[in-house]
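Chain residues, written in single-letter form:
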Amino acid sequence: MVLFITTFLFMVTFSRSDTDVSCVFMESCMLPCSLKAGDEIVVHWFYLQGDLHVHSFYQNQDQLGHQDQNFRGRTALFNDQISRGNVSLLLTEVKVQDQGKYNCFSSTIRGTINSFINLQIDAPVSKVSISQEENRIICSSERIYPQPELSWSTIPPSNTTLQNRTTVQQTEEKLYNISSSLMVSDDDPGLTYSCTIRTQRNNMTATISKPAMARIMILNILLFITFLLSVSEADPEVSCVFSESCMLPCQFQFRDHLLIHWIQVSAGDSVVHSYYEGRDQLGHQNQNFKNRTSLFQDQISRGNASLLLRRVKVQDEGKYKCYTSTISGYEESFVSLKTEPPVSKVSISQVENRIICSSERIYFQPELSWSTIPPSNTTLNITTTVQQTVEKLYNISSSLMVSDDDPGLTYSCTIRTQRNNMTATISKPEPLHPAEASSSKVNGGLIAAGVIVAAGIIGFLKKKNVMHNFCSGSGPASTENGAGAA
């Protein structure tokens, strides 16, 4: 006899998209990676284009014996934060050749985690030169990546077709130099010519004015042409993961009497971090940034004033200013910080005829969608709620009503943001065939009947044994004596 026991089996799987990181050529860059804190930490960073060893850490110290020559002297972990689960990689003096896919392998006694980072290198347009030689205006820029584009325009617009010739050359460092020559005529005096060079990251424009012929004659006597030059550049943008560490880049020309101020411009010029007289000066630091900021002290003398911001919050979003001053003068640069807590976990479960899918602590506001495998013609009955926490994060939950009309379906719940998405699935097994269900009931009845019969036989035997003892003259008293003698 077989007793059938029917159970529901829940199969949950997860998938996560890679993290994209954009780094500036020859600056420092952080590749994020985290693990659940535990003992016996092992960390390996690999560059997958060629399976190159980038950095390793185990036995509580860096292990660089197998490090590829291309990364020598350019990598570091945040050793004071490894025990707290931060195994992000700091890559300095970034090259175009560093672009590609990286694998962060980390393990403890609690398990193993693999994460992947796509690194993109940008050498933004930093300077546009423009000049006039006789009847040609020449515009150029150097050391750009990826390959830039160049365009000409006039103010006011001219009906004359602009005749220009543009050349692009690539250097040994894989950077691009671009130059364009524009032929001008005397038919349109007083025009202003604009040359714009752009990449995916930014653009810059230089302009030059061509004065009227009378002024040209005067200026030819002086052997000069009046140039009016203006430049515009978009602020770089840094995307940071909620509760992890993030680096805001800033470079300067190092000289004596150095002073560094980081200011959050979008929060009323709040002081984020200050450095002067050879050390950090945090007396005026805004309370929101206490114990969360630091500079790379060993790199300041090399012109690196980048800021490391730890345990990033949604409130950290906004525009930042890096102000540096030396005996030679001062420089200002701006960085826009965007915070993106990605979807890190999706929970799915079944309660009676409802499947519940949820995730917590997400930013920006997430979206949730359901699907089935195989596709079902039944309209899905769904109720979804989104709540915002005190930390400005979002919790999302959705309830899906299921019926017995579509047995054997697999239900998929996907939660997505602008940064990533995760999917959890749960399978609803086939119900028992009516014949099998009937067989289960018959078998159950047979078992119950068998138990009743067995109990009756045992009772009968006990009764027969007592009667035998009574008839042979050994009653209850002799039984007690026998027991006592023993």
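For the rest of this paragraph, the subject is the overall build of the chain. Of regular secondary structure, the chain possesses three helices and 32 strands. Within the chain, buried positions represent 39% of all 486 residues. At a minimum sequence separation of 6, the contacts of the chain that also span at least 24 residues come to 60%. In the form shown here, the chain has an accessible surface area of approximately 27,800 Å², with 52% of it arising from carbon and sulfur atoms.

As for its placement among the helices and strands, glutamine 81 is situated in the loop between strand 6 (75-77) and strand 7 (89-91). Within the local environment of glutamine 81, its side chain forms a polar contact with the side chain of serine 245, the two groups lying 3.2 Å apart. Apart from the residues lying within four places of it in its own chain, the contact partners of glutamine 81 are Asn86, Ser245, Leu308 and Arg310.

One number sums up the size of the second largest pocket: a volume of about 1,100 Å³. Among the elements that line the lining of the second largest pocket, the one with the most residues is strand 25 (residues 329-339), at five residues. For the lining of the second largest pocket, the class distribution of residues is 14 nonpolar, nine polar and 10 charged.

Let us now look at the nonpolar core. Among the nonpolar cores identified, the biggest contains 30 residues, and Trp45, Tyr102 and Leu119 are the most heavily contacted of them. Among the elements of the structure, strand 1 (19-24), strand 2 (29-31), strand 3 (42-47), strand 4 (52-58), strand 7, strand 8 (100-108) and strand 9 (111-122) are those that each provide at least two residues to this core. In this structure, tyrosine 102 is in contact with Leu31, Trp45, Phe46, Tyr47, Leu48, Val54, Phe71, Leu91, Ser115, Phe116, Ile117 and Leu119, ignoring residues within four places of it in sequence. In this structure, Trp262, Leu295, Leu307 and Leu309 belong to the second largest nonpolar core, which totals 22 residues.

Tracing the backbone through its elements, the reader meets asparagine 381 in strand 29 (residues 381-388). Along the sequence, asparagine 381 and valine 402 sit 21 residues apart, while their C-alpha atoms lie 7.8 Å from each other. Ignoring any residue separated from it by four or fewer positions in sequence, one finds asparagine 381 in contact with Ser399, Leu400 and Met401.

On to the pairing of strand 16 (residues 203-209). Judged by how many residues are buried, strand 16 sits mostly within the fold: six of seven residues are covered. Strand direction decides the pairing type here: strand 15 (residues 192-198) and strand 16, joined by seven bridges, are antiparallel. Within the sheet, the bridge partner assigned to tyrosine 193 lies in strand 16 and is isoleucine 208. What sits between strand 15 and strand 16 in their antiparallel hairpin is a turn of four residues.

With that settled, consider the sheet that holds strand 12 (residues 149-155). The strand order across the open sheet formed by three strands is 12-15-16, and the pairing between neighbours is antiparallel. Every interior strand has two partners, whereas the edge strands, strand 12 and strand 16, have only one. On average, each strand axis in the sheet is inclined to that of its neighbour by 20°, with strand direction left out of account.

So, on to the state of the cysteines. Applying the stated criterion across every chain, the model contains six disulfides. In this model cysteine 240 forms its disulfide with cysteine 246; the gap between the sulfur atoms is 1.7 Å. One disulfide, between cysteine 240 and cysteine 246, carries an S-S torsion of -45° and so falls in the left-handed class. Classification of cysteine 240 as buried rests on a relative accessible area of 1%. By relative accessible area, which is 4% here, cysteine 246 ends up buried. Note on cysteine connectivity: cysteine 357 is disulfide-linked to cysteine 413, with sulfurs 1.9 Å apart. Residues cysteine 357 and cysteine 413 are joined by a disulfide whose S-S torsion is about -75°; by sign, that bridge is left-handed. Note that cysteine 357 is positioned in strand 27 (residues 354-362) and cysteine 413 in strand 31 (residues 410-416), a separation of 56 residues in sequence.

The next thing to look at is the packing of aromatic side chains. With the rule as written, the count across this model stands at seven aromatic pairs. When the centroid spacing of 6.2 Å and the interplanar angle of 20° are considered together, the rings of tyrosine 145 and tyrosine 176 count as stacked. Taken together, the positions of tyrosine 145 in the loop between strand 11 (136-144) and strand 12 and tyrosine 176 in strand 14 (residues 176-183) put the pair 31 residues apart, joining distant regions of the chain. With relative accessibility at 15%, the residue tyrosine 145 sits in the buried group. It is lysine 319 that lies over the ring of phenylalanine 334; its NZ or CZ is 4.8 Å from the centre.

By way of backbone hydrogen bonds, the strands of a sheet pair with one another, either parallel or antiparallel. Spatial ordering of the open sheet is given by 1-9-8-3-4-5, a layout of six strands whose pairing is mixed. The sheet is open, and its two edges are formed by strand 1 and strand 5 (61-62), each paired on a single side. Of the pairings in the sheet, the one linking strand 8 to strand 9 comprises nine bridges and is antiparallel in character. Paired with serine 107 across the bridge in strand 9 is threonine 112.

Let's shift gears to the confidence of the model for the chain. In regions of low pLDDT, the predicted coordinates are not meant to be interpreted in detail. For the chain, the average pLDDT comes to 80, and 79% of its residues sit at 70 or higher. Per-element confidence in the chain ranges from a low mean pLDDT of 39 for helix 3 (residues 476-485) to a high of 97 for strand 4. Within the model, the stretch residues 1-16 combines pLDDT values under 50 with 32 contacts to residues more than four positions away or in other chains. Throughout residues 466-486 the model reports pLDDT below 50, and contacts reaching past four residues in sequence, or to other chains, amount to two contacts.

We now examine the environment of histidine 66. Counting through the fold element by element, histidine 66 comes out in the loop between strand 5 and strand 6. Residue class for histidine 66 comes out exposed when judged on its relative accessible area of 65%.

This paragraph deals with the environment of phenylalanine 364. Topologically, phenylalanine 364 is positioned in the loop between strand 27 and strand 28 (367-373). Counting along the chain gives 29 residues from phenylalanine 364 to leucine 393, while the straight-line C-alpha distance between them is 7.5 Å. Sequence-distant contacts of phenylalanine 364, defined by excluding residues within four places in its chain, comprise Glu317, Lys338, Thr339, Glu340, Tyr394, Thr417 and Gln418.

By the definition in use, this model includes 10 salt bridges. Residues arginine 361 and glutamate 391 are paired through a salt bridge, measuring 2.5 Å at the closest nitrogen-oxygen approach. Of this pair, arginine 361 sits in strand 27 while glutamate 391 sits in the loop between strand 29 and strand 30 (394-401), placing them 30 residues apart in sequence. Accessibility expressed as a relative area gives 37% for arginine 361, which makes it partly exposed. With a relative accessible area of 34%, glutamate 391 lands in the partly exposed category.

Rules used throughout
- Residues numbered from 1 in each chain as written.
- Predicted model: local features only at pLDDT ≥ 70, side-chain atom pairs only at ≥ 80, totals over all residues.
- Heavy atoms only, no water.
- Helix = DSSP H or I, 4+ residues; strand = E, 2+ residues; numbered from the N terminus.
- Buried < 20%, exposed > 50% of the residue type's maximum accessible area, 1.4 Å probe, protein only.
- Contact = heavy atoms within 4.5 Å.
- Areas by Shrake-Rupley, 256 points an atom, 1.4 Å probe, with all protein chains shown as cover.
- Polar contact = N/O pair within 3.5 Å; in protein donor to acceptor, adjacent residues only side chain to side chain.
- 1 Å grid on protein atoms, 1.4 Å probe; cavity = no way out; pocket = protein on both sides within 12 Å on 5 of 7 lines; lining within 4 Å.
- Points joined across faces, edges and corners; volume = space filled by probe spheres on them.
- Nonpolar A, V, L, I, M, F, W, Y, C, P; charged D, E, K, R; others polar.
- Core = buried A, V, L, I, M, F, W, Y, C linked by side-chain atoms within 4.5 Å.
- Pairing = 2+ DSSP bridges.
- Axes fitted to C-alpha atoms, helices over the stretch in contact; angles between N-to-C directions.
- Disulfide = S-S within 2.5 Å.
- Phe/Tyr/Trp six-rings, centres within 6.5 Å; stacked < 30°, edge-to-face > 60°.
- Lys NZ or Arg CZ within 6 Å of the ring centre and 35° of its normal.
- pLDDT = per-residue confidence, 0-100.
- Salt bridge = Lys/Arg side-chain N within 4 Å of Asp/Glu carboxyl O.

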